[in-house]
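# Observations on chain architecture
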Amino acid sequence: MNVDIYGNLFTAFLLLFIAAVIAPILSPKRTLVAWANLVLVSIAALFILFLSYAIVFEAPAQGSRLVSFGFFSVYFLVDGLSAFFLSIIAGMSVMSAIYSIKYMEHYHDLSLASYYANFPLFILGMMGIVTVDDLSLGFTISWQMMTIASYFLIKFEKNDPVVVKSANKYLVLMELAWFFIFIAPFFIPNVSFGDSLHSITMNLGRFSNAGLYAVFGLVFLGFGFKAGIFPLGQLWLPDAHSVAPSPISALLSGVMIKTGVYGILRSFFWMVPHSESVHVNWALWGAIIASFGVATLFIGTVQSMKQNDAKRLLAYSSIGQIGYIVFAAGAGLFMFQSSLDAVKFFGAVAIIGAAYHVLNHAVFKGLLFLSSGSILYATGTKDLNKLGGLMKLMPASALVSGIAALAISGVPPFSGFASKWTIISTSIL
């Protein structure tokens, strides 16, 4: 299949950029700007889904590509891992764009210019994170676009001091996470600003064993902040996700925190030093990552059960669900170091379970946040102590919320059971 992978990617990027540029112009016509956003985001998503399908099922690997943007150049890499995350970002972005058309009407006293300008830039930044092939220039541009756009989206109700405080805390901590990742490669000899991940990995082979722990530790710390692992996620995730407009909460919990998972997978499974003189104890790293996953899973889930605010409950639940994914990634990395082929096989299945749960969580957590938004829209409250008996009044919301709740709880035969059981059963070893 002859597919111009990077042509499709940059066409999607251009469409999202156009959507951001025209939003302030169209914003006085609130319905028009919402539909324009949906159309452009949907077309961009089609390009992304087409290239993702081609990468995963048909097109041969094309390798990293250096793309010039006038005064600077950035490495891009679209492979199977990137394509998988791209497809999730694209699909959930369209769902949130559709939902936004009606939902944003209840902000009748606020301009929609900022919302619809930052919405496509937020998507563009997330897509950039999973396609740029460096940890400096391209990574910084993508991270800042994702972070700053999401900051303004979280801060949409800027007249509320609680919202402003939560958004400001989010911005500061995400910039700190960026800094940890950004400085990590510069500890490695001969690494320059703008080097591709392949170049960084080759230079890792010339580095000391002790230095490698600092590099991977900083990378794990930075991406762990973004993913929301314990105790880092508790510092920002519940506040930011609960105060954002519900379509953005769905993207934050369902999609954005997965860019942290992507970074962990890309770093610990692809950045392997090519040198016999350098030995990274991957089994130890696997055990560390898995341990953080277990703590995140347990504590996040317990904290969610104590919440009265529906969106804070879902936010803490996202921390718990990320724990499953991070645990599976660590367990897979640990088992890959075994000399037994059977154990390595189970390690590969654990990684499949992690990827499956990334997809599942994006769908059912996005659905739960959008359902909570519908309830907030209809009742004006997120307080679970004041809600009840809504099934007769909102039967459709009750049905989809029930399905999503059963799925996230791991009840068979729903998809959450399949991914969780894959993770747990392969990790019993």
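Residues numbered from 1 in each chain as written. Predicted model: local features only at pLDDT ≥ 70, side-chain atom pairs only at ≥ 80, totals over all residues. Heavy atoms only, no water.

## A few points about the environment of phenylalanine 85
Looking at where phenylalanine 85 falls in the secondary structure, it is placed in helix H3 (residues 80-103). Taking the relative accessible area as the measure of exposure, phenylalanine 85 reaches 4% and is therefore buried. Spatially, the C-alpha atom of phenylalanine 85 lies 15 Å from that of phenylalanine 223, the residues being 138 residues apart in sequence. Other than its neighbours up to four places away in sequence, phenylalanine 85 contacts Val130, Lys258, Val261, Tyr262, Leu265 and Val358. (Helix = DSSP H or I, 4+ residues; strand = E, 2+ residues; numbered from the N terminus. Buried < 20%, exposed > 50% of the residue type's maximum accessible area, 1.4 Å probe, protein only. Contact = heavy atoms within 4.5 Å.)

## Here we look at the pattern of salt bridges
Going through the model one piece at a time under the given rule, you end up with five salt bridges. The residue arginine 312 makes a salt bridge to aspartate 239 at a minimum N-O spacing of 2.7 Å. Remark: aspartate 239 occurs in helix H9 (residues 237-243) and arginine 312 occurs in helix H12 (residues 310-335); sequence separation between them is 73 residues. Assessed through its relative accessible area of 16%, aspartate 239 is described here as buried. Lysine 382 is paired through a salt bridge with aspartate 309; the nearest N and O atoms lie 3.4 Å apart. On the criterion of sequence distance, the pair formed by lysine 382 in the loop between helix H13 (341-379) and helix H14 (395-408) and aspartate 309 in the loop between helix H11 (282-304) and H12 is long-range, its members being 73 residues apart. Judged by relative accessible area, lysine 382 falls into the partly exposed class, the value being 23%. Each of Lys169, Asp239 and Arg312 takes part in salt bridges that share partners, so that together they form one network. (Salt bridge = Lys/Arg side-chain N within 4 Å of Asp/Glu carboxyl O.)

## Some words on the pairing of strand E1 (residues 65-69)
With five bridges connecting them, E1 and strand E2 (residues 72-76) associate as antiparallel partners. Bridged to phenylalanine 69 within E2 is phenylalanine 72. Where E1 folds back onto E2 in an antiparallel hairpin, the turn is made up of two residues, including glycine 70, whose phi is positive at roughly 75°. (Pairing = 2+ DSSP bridges.)

## A closer look at a nonpolar patch on the surface
A contiguous nonpolar patch, built from Leu14, Phe17, Ile18 and Val21 and spanning about 350 Å² of accessible area, is present on the exposed surface. You can see phenylalanine 17 is positioned in helix H1 (residues 5-26). For phenylalanine 17, a relative accessible area of 45% gives the class partly exposed. (Patch = residues over 30% accessible without salt bridge, like charges linked within 9 Å, V, L, I, M, F, W, Y side chains within 5 Å. Areas by Shrake-Rupley, 256 points an atom, 1.4 Å probe, with all protein chains shown as cover.)

## A look at the packing of helix H5 (residues 137-154) against helix H10 (residues 246-270)
The angle between the axes and the distance between the axes are what describe a pair of packed helices. Packing of H5 against H10 leaves a shortest axis separation of 12 Å and a crossing angle of 160°. Between H5 and H10, the angle is such that the two are roughly antiparallel. The way H5 lies across H10 gives a crossing that is left-handed. Contacts between H5 and H10 involve Met146, Ser150, Leu153 and Ile154 on the former and, on the latter, Ile248, Leu252, Met256 and Thr259. Across the contact of H5 with H10, the residue classes tally to six nonpolar, two polar and no charged. (Axes fitted to C-alpha atoms, helices over the stretch in contact; angles between N-to-C directions. Parallel < 35°, antiparallel > 145°, perpendicular 65-115°, else oblique. Left-handed = near helix turned anticlockwise from the far one by under 90°. Nonpolar A, V, L, I, M, F, W, Y, C, P; charged D, E, K, R; others polar.)

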